[in-house]
Amino acid sequence: MAARNTDRRATPRPGDPPLGPSRPTPEAELAEALRTGPFSAALRAALAARGLALHRVQHRLAQRGIRVGVTSLSYWQRGVRRPERPESLRAVTALEEVLELPPHALTRLIGPRAAGDHPPARTYRTLLEPAAAVESLLASLAAPADGGLHTVIHYEHVHIGAHRELVARDSQHVVRAHRDGVDRYLAIHHGDPGCDTERVRVRGLGNCRVGRIRRHGASGVVVVELLFDGRLRAGETAVMGYRFEDGTGAPSHEYVRGFTYGGGQYVLEVGFDRTALPVHCRRFARPSATAPRVAVADLTLNAYGSVHLLEQQIRPGVLGITWEWD
């Protein structure tokens, strides 16, 4: 049952109990969208708060010497495309002035491409080594190339057992829809070598239920639908908890997560059984599954036998923690 940021209440009648809090004002929704993103939701909220139609925005940009089509503006606010070229980024800077926003309020949400680092989206082929298996399973679920959701906050806890195996991983995940009609999230599990996908179990821990499951034994990949209680509208959020139970693979040496889109926060915690602690842990990032590791840093086990990383602003690519056994 998805927890969403909507408050659809009927008009009260005589004798009805008082209604709860009303829907946030356009200014409040704008402030939240500028804080959490994504860019499309923030632009859409700014247009709504200022009461400006796209053709009026186009006209005001033209007065500042910026030429951008109404179609492009529409694509940006719907999340179909993102401003990437230098002239488009100049248009976004001018948009901040037109929409009476603080400097960089929108440009900071565009992500790594604006800073010249990485493209705003990646394909599974660049992030996962068993990409063909993942794409095959997604195709069997008729999954669109863009699932319609961006991460706001994702906390993930990986449990490593007494035999050094990946026992389970729990996720608490907040996502935001950037188009109307999204009613599910597709979660991917890639087990360690030797993983028996038929024995991997998936549980919905809160605000979602497990739908169809697809397994690819040769690559150790499992893809599952996590269903919300209804369809999200663009800009709405959903909070969900889910768990993959594994424990079937060889001793684990690392855990990685790939991100096709930037934006949002991610926390990865790896907890080890007290009877089987590693001797060395490191965090790392890399722009693709085959690229060299970058941003490598040592991590120190705490008194509870765990380490973690925090990424304040996700970039497309791979994040992970690796460890060494004695």
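A. Representation of the sheet that holds strand 7 (residues 221-232) within the structure. Taking strand neighbours across the sheet as the criterion, the three strands line up as 4-7-6 in an open arrangement whose pairing is antiparallel. Both outer strands of the open sheet, strand 4 (182-190) and strand 6 (209-216), are each paired with one neighbouring strand and no more. The mean inter-strand angle of the sheet, taken between neighbouring strand axes irrespective of direction, is 20 degrees. Sheet topology note: the strand 6/strand 7 ladder contains six bridges and is antiparallel. The partner of R215 across the bridge, within strand 7, is V222. Against the sheet, helix 9 (residues 131-140) contacts strand 4, strand 6 and strand 7, and its axis sits at roughly 135 degrees relative to strand 6.

B. A look at unusual backbone geometry. Phi is positive for E100, which is not a glycine, with a value near 55 degrees. For E100, the position within the fold is in the loop between helix 5 (86-98) and helix 6 (107-110). A positive phi angle, near 50 degrees, is found at A295, a position not held by glycine. Turning to its location among the elements, A295 is positioned in strand 12 (residues 294-299).

C. Quick peek at the pairing of strand 11 (residues 280-286). Counting buried residues in strand 11 gives five out of seven residues, a clear majority hidden from the surface. Across seven bridges, the pairing between strand 11 and strand 14 (residues 317-324) is antiparallel. Across the sheet, R286 pairs through a bridge with V318, a residue of strand 14. Where strand 11 and strand 12 come together, four bridges link them in antiparallel fashion. Considered in strand 12, the bridge of R283 is made with A297.

D. Representation of the sheet that holds strand 12 within the structure. Ordered by their spatial adjacency, four strands build an open sheet running 9-14-11-12, and the pairing between neighbours is antiparallel. The sheet is open, and its two edges are formed by strand 9 (254-259) and strand 12, each paired on a single side. Looking at each pair of strands side by side, their axes are set apart by 15 degrees on average, direction ignored.

E. Quick look at the packing of helix 1 (residues 26-36) against helix 2 (residues 39-50). Orientation of helix 1 relative to helix 2, taken along the N-to-C sense of each, is 160 degrees, at an axis distance of 8 Å. Between helix 1 and helix 2, the interaxial angle falls into the category roughly antiparallel. Between helix 1 and helix 2 lies a crossing whose hand is left-handed. Residues P26, E27, E29, L30, A33 and L34 of helix 1 pack against A41, A42, A45, A46, A49 and R50 of helix 2. Partitioning the contact of helix 1 with helix 2 into residue classes produces nine nonpolar, no polar and three charged.

F. The side chain of S88, seen in detail. The topology assignment puts S88 in helix 5. Given a relative accessible area of 11%, S88 falls into the buried group. With sequence-adjacent residues up to four places away left out, S88 is seen in contact with W76 and P83.

G. Expanded view of helix 2. An ideal rise of 1.5 Å per residue puts 16 Å on 12 residues; helix 2 measures up with 17 Å between its terminal C-alpha atoms. Its buried side turned inward, helix 2 meets helix 1, helix 3 (54-63), helix 4 (70-78), helix 5, helix 6 and strand 3 (166-177). Count one or two residues on from helix 2 and you reach G51, which has phi positive near 65 degrees.

Parameters and conventions
Residues numbered from 1 in each chain as written. Predicted model: local features only at pLDDT ≥ 70, side-chain atom pairs only at ≥ 80, totals over all residues. Heavy atoms only, no water. Pairing = 2+ DSSP bridges. Helix = DSSP H or I, 4+ residues; strand = E, 2+ residues; numbered from the N terminus. Axes fitted to C-alpha atoms, helices over the stretch in contact; angles between N-to-C directions. Contact = heavy atoms within 4.5 Å. Buried < 20%, exposed > 50% of the residue type's maximum accessible area, 1.4 Å probe, protein only. Parallel < 35°, antiparallel > 145°, perpendicular 65-115°, else oblique. Left-handed = near helix turned anticlockwise from the far one by under 90°. Nonpolar A, V, L, I, M, F, W, Y, C, P; charged D, E, K, R; others polar. Expected span 1.5 Å × (residues − 1).

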